[in-house]
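# Reading the structure
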Amino acid sequence: QAFVHAAGCELVAREPQYRSHTVSAMLIPKGIKAADVVNRVLEIDNVRLAGGQDTLKEIAIRVGHMGPVRSAMLARGVKALARALTGLGMDAKLAQAGVDACAQVLARGK
């Protein structure tokens, strides 16, 4: 979630009380297709994300963070997401800001 905010994107669940502890859905920047992000992350970094559902199919992705997930796993996934978004047209500085924000949260152990 720190990545999403720092990268200038939005979570689908805008209000904290509706956010899940097991999966986060993020709206993709305009001009980028969710399916392209999902495919690119899988092809380049072997990380599996999911597209949005129903009306969010083309404009959102879902990132799972459940079970025995370790900080290194989350960092790897966020870096893969940033790499894919940058490759598809997102400003590299925004993507890196997201990676840095995530790293700060993980360093605090939250």
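Under the 1.5 Å per step criterion, the end-to-end length of helix α2 (residues 34-45) is 16 Å for 12 residues, consistent within 8% with the ideal 16 Å. For α2, the complete set of buried residues consists of Ala-34, Val-37, Val-38, Val-41 and Asp-45. For α2, the buried positions fall inside an angular range of 100 degrees around the axis, keeping them on one side. Opposite the buried face of α2, at more than 90 degrees from it, the exposed residues are Glu-43 and Ile-44. Taken together, the buried residues of α2 touch β3 (50-51), β4 (60-64) and α3 (71-87).

What counts, and at which threshold
Residues numbered from 1 in each chain as written. Predicted model: local features only at pLDDT ≥ 70, side-chain atom pairs only at ≥ 80, totals over all residues. Heavy atoms only, no water. Helix = DSSP H or I, 4+ residues; strand = E, 2+ residues; numbered from the N terminus. Expected span 1.5 Å × (residues − 1). Buried < 20%, exposed > 50% of the residue type's maximum accessible area, 1.4 Å probe, protein only. Arc of directions from axis to C-beta. Contact = heavy atoms within 4.5 Å.

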